[in-house]
Amino acid sequence: MTQERSTGPILNGLPTQVPDSDPEETQEWLDSLDAAIDSGGRQRARYLMLRMLERARDSQVGIPSLTTTDYINTITPEQEATFPGDEDMERRYRAWIRWNAAVMVHRAQHPDISVGGHISTYASQATLTEVGFNHFWRGRDHEGGGDQIFFQGHASPGIYARAFMEGRLTETDLDGFRQEKSKGLRDDVRTIPSYPHPRSMPDFWQFPTVSMGIGPMNAIYQASFNKYLHNRGLKDTSQQHVWAFLGDGEMDEPESRGLLQVAANDELDNLTFVVNCNLQRLDGPVRGNGKIVQELESFFRGAGWNVIKVLWGRGWDDLIENDTSGALVNLMNTTPDGDFQTFRANDGAWIRDHFFGRDPRTKELVKDWSDEDIWWRLKRGGHDYHKVFAAYQAAMNHTGQPTVILAHTIKGYSLGTRFAGRNATHQMKKLSLDDLKAFRDSLKIPITDEQLEADPYAPPYYHPGQDDEAIQYLQERRRVLGGYLPKREPARTALPLPAEKVYDVAKKGSGKQEVATTMALVRIFKEWMRDKEFGKHIVPIIPDEARTFGMDSFFPTAKIYNVHGQNYTSVDADLMLAYKESEQGQILHVGINEAGSVAAFSAAGTSYDTHQVPMVPFYIFYSMFGFQRTGDGIWAAADQLAKGFMIGATAGRTTLTGEGLQHADGHSPLLASTNPAVVSYDPAYAYELAHILPDALERMYGENPEELIYYLTVYNEPMQQPAQPEDVDAEGIVAGMHRIAADEPQEGKHVRLLASGVGVPWALEAAELLREDWGVTSDVWSVTSWSQLRREAMSCDEDAFLDPDAERRVPYVTRRLSEGTGPVIATSDYMRAVQDQIAPWVPEDYYSLGADGFGFADTRAAARRFFHIDGPSMAVKALQMLADRGEIDPQVAKDAAEKYRLLDVTAGTSGNVGGDA
């Protein structure tokens, strides 16, 4: 007889033993709900239930939050969807994949190689991935479009092993695991990176996921971006689903949980998280004294997610069914994770004594079971094909919410007692000969003892050949589902780029009007948005600072994307620049959420691959909160081969008057320079932007697109923007430096002044002071990119190093500074290390001034004088350098320092006082 039991709606607040005083009425309510589902569908029933909950709260009926359920499967055996596959066939090749995954890592531990690797993570999740591969995950050729799968990074060996069975990788390829350069030099070997790295394996991996916490964020915003593309009419993504495979230990990362509300608020029912709950992190249990599954269930339910627990395999069903006293469920509820880990590291007798033996009623349940039965039949749910399939099917059928599946597994499952559930299993990279033999036997791999003993460091891979019936089944499943996964296949279609005339507004200057470079950039951006063909591909991303950056004018026209539209009247609805949300909105206004902004950037910046629709993300932010705050996310974007614009606005250490320390950016160009995919510019003038921006578009979205991220620092300090000179050095602007002023050189009394960004006016001020007060002439250079000059110079050096007989290329910075004479003084609104990037290639005496140290709240002029980066400071340093060379009297420099009151911060005058912070 089937026992009626709760599937767990209420445990924490309403006792489950409350008697049913009127069963007939209860049944009527349940029948009414069933009828609503049958007649109006799940969405209608969901709406009715939500309204009922609202009415209950309005009537002061005590309904508790429903966040935690019993430690049993969410889906009862009666509710399980029927497994449609051939389980024996799938089990057969799953064993081969398990073997090859472990052998690949083991072979990489040969004493001559020893490059590391991870065996146990994939061992714990093989069933979770194989159910997806065989029955759910659609490839790129599916009529509804391909799914996007964020594979767990440490499980990569299993994905490679499956690709080997599919014929996409060879044995030689597998032997190149973690030897990307040494083995990759051969024409017959593909590079096999340690983890999912699209940049290393650009036709295979789509998403980099091993930097824990980044995957969950990016998966959420990938699902959100899919809806964004659909709602804007750019692509039908209604059938595409995003799956993210995560570890329970990974869920301790703040990033892993920090954006769950985004998925719930947007009702991302196209998103499923699968958390592999093997109860272990890298060193030991995740919650030895607690229960991580229960904690995660509560957290996800509280955030508004649909939660499905897959804890116990089908062998437990009868035991739970016969648990009329509730003793077994109580035992499951109260046993801490540390004990569950220990149980599986021992044998059936141990489990009988130390688990079931804790309560005489539970011991009675297994009295007729052998120790073998207890060990083999009582599997964790994440290793049971039927249970996992039912959970995946339920997730796909669920509407109105994202779903998380919490799957109970064993780390190192099937690898033997030396691996399974052991604290050290994550670091174990090779198997002993006895381990190999036992592993082979358990998986029924047709490899002999002699083959294993011949070289224990190189046990053979196993593949029965493509004609084998199991392999034919595997291939057919992928054919039906739309092709192989993972697979990366970017579109190479060039975007129609804006005409040159859109940059006229920047080239003509601002006349007497003072305009900050942030405003100049936004004006160009506005022209881009107006372009009928190119404009629709732009994705503006703003973390709640649109008004600061002068982009609130976009609100009424481009509108702010909201999957629900706008169901309220904006308080500023009667104003021209009213806040306007729309389902078809173009602006991703993500709130105060820099991490989410970068995740949105990654999704938009890789749309040329994931959706074959190139998009142009334009993410603008306070420069201090970019590379410093979200650098790991930007690295992941670069690894995913994202492209687009990141704009560090309100840049510089001294421009943001009054804001003080936390907003004072003196180093973002230096941080940006550490990322090889980032091209960084620090323009001073609007007309420089008019050359940098079209070059960037051509490089990223033209006929021969490159996977680059452009980082531009712009400022909130207004200045008169000069018109573009007739003899503008467009090549120099893009290359990294161009001369903007030059005096007739005076022998022995000539210097070169270099500056970038907001510092260029200080260099011009210094040139005037030197000429008018001390008779010293100068050239003034605007350095648009210190890092690009450095990279080009390093490339020249590398060529000379590797091919010393070839004609040597002279670095651009060396060539340009060889055009003049005299010492070189450099300044910017950043620390000296930014300017020092070019020091090795400056052909003269060189000194940099920089804003080193912490920022503070004060006027711009006082701050610049304090750091000694302003015009008078440059002038004094130039005179000192001439004196050191014996070209002027040292007293001149001392007189200049006294004249300009160099040590008096109140004497500073460089810079404007206007501009909003």
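The structure under discussion appears in the preceding block.
All of the points below concern the structure found in this document.

**Some thoughts on the packing of aromatic side chains**
Following the criterion strictly, the structure yields 55 aromatic pairs and no others. With a centroid separation of 5.8 Å and an interplanar angle of 20°, the aromatic rings of Phe133 and Phe151 are classed as stacked. Of this pair, Phe133 sits in helix H3 (residues 120-135) while Phe151 is found in the loop between strand S1 (148-150) and helix H4 (156-166), placing the two residues 18 residues apart along the sequence. One exposure class covers both Phe133 and Phe151, and it is buried. Plain terms: the ring middles of Phe525 and Trp528 are 6.3 Å apart, the flat faces sit at 70° to each other, and that makes the pair edge-to-face.

**Regarding the environment of Ile75**
Within the element layout of this structure, Ile75 appears in the loop between helix H1 (23-58) and helix H2 (87-107). Along the sequence, Ile75 and Glu698 sit 623 residues apart, while their C-alpha atoms lie 53 Å from each other. The contacts of Ile75, once residues within four sequence positions are left out, are Glu80, Ile308, Ala390, Ala391 and Ala394.

**What to know about the packing of H2 against helix H17 (residues 433-443)**
Between H2 and H17, the least distance of the axes is 9 Å, while the angle of their chain directions is 165°. One way to sum up the angle between H2 and H17 is to call them roughly antiparallel. For H2 against H17, the interelement crossing comes out left-handed. Packed against H2, whose contacting residues are Ala95, Arg98, Trp99, Ala102 and His106, the element H17 presents Leu436, Phe439, Arg440 and Leu443 at the interface. When its residues are assigned to classes, the contact of H2 with H17 shows six nonpolar, one polar and two charged.

**Considerations on helix H12 (residues 337-344)**
In terms of burial, H12 is a largely internal element, six of the eight residues being buried. Every buried residue of H12 is listed here: Asp337, Gly338, Phe340, Gln341, Phe343 and Arg344. Check the buried side of H12 and you find it contacts helix H9 (292-302), helix H11 (327-334), helix H13 (348-354), helix H15 (371-377) and strand S5 (403-408).

**Brief notes about the nonpolar core**
Trp528, Met551, Phe645 and Leu753 are the most contacted members of the largest nonpolar core, which totals 105 residues. Tallying contributions element by element places helix H26 (residues 686-701) first for this core, with 10 residues. Leaving out residues up to four positions away in the same chain, Trp528 has contacts with Pro498, Val502, Tyr503, Phe534, Gly535, Ile538, Phe645, Leu693 and Leu697. The next biggest cluster of nonpolar side chains, apart from the first, holds 85 residues, and it includes Cys277, Ile292, Val329 and Trp375.

Cut-offs applied
Residues numbered from 1 in each chain as written. Predicted model: local features only at pLDDT ≥ 70, side-chain atom pairs only at ≥ 80, totals over all residues. Heavy atoms only, no water. Phe/Tyr/Trp six-rings, centres within 6.5 Å; stacked < 30°, edge-to-face > 60°. Helix = DSSP H or I, 4+ residues; strand = E, 2+ residues; numbered from the N terminus. Buried < 20%, exposed > 50% of the residue type's maximum accessible area, 1.4 Å probe, protein only. Contact = heavy atoms within 4.5 Å. Axes fitted to C-alpha atoms, helices over the stretch in contact; angles between N-to-C directions. Parallel < 35°, antiparallel > 145°, perpendicular 65-115°, else oblique. Left-handed = near helix turned anticlockwise from the far one by under 90°. Nonpolar A, V, L, I, M, F, W, Y, C, P; charged D, E, K, R; others polar. Core = buried A, V, L, I, M, F, W, Y, C linked by side-chain atoms within 4.5 Å.

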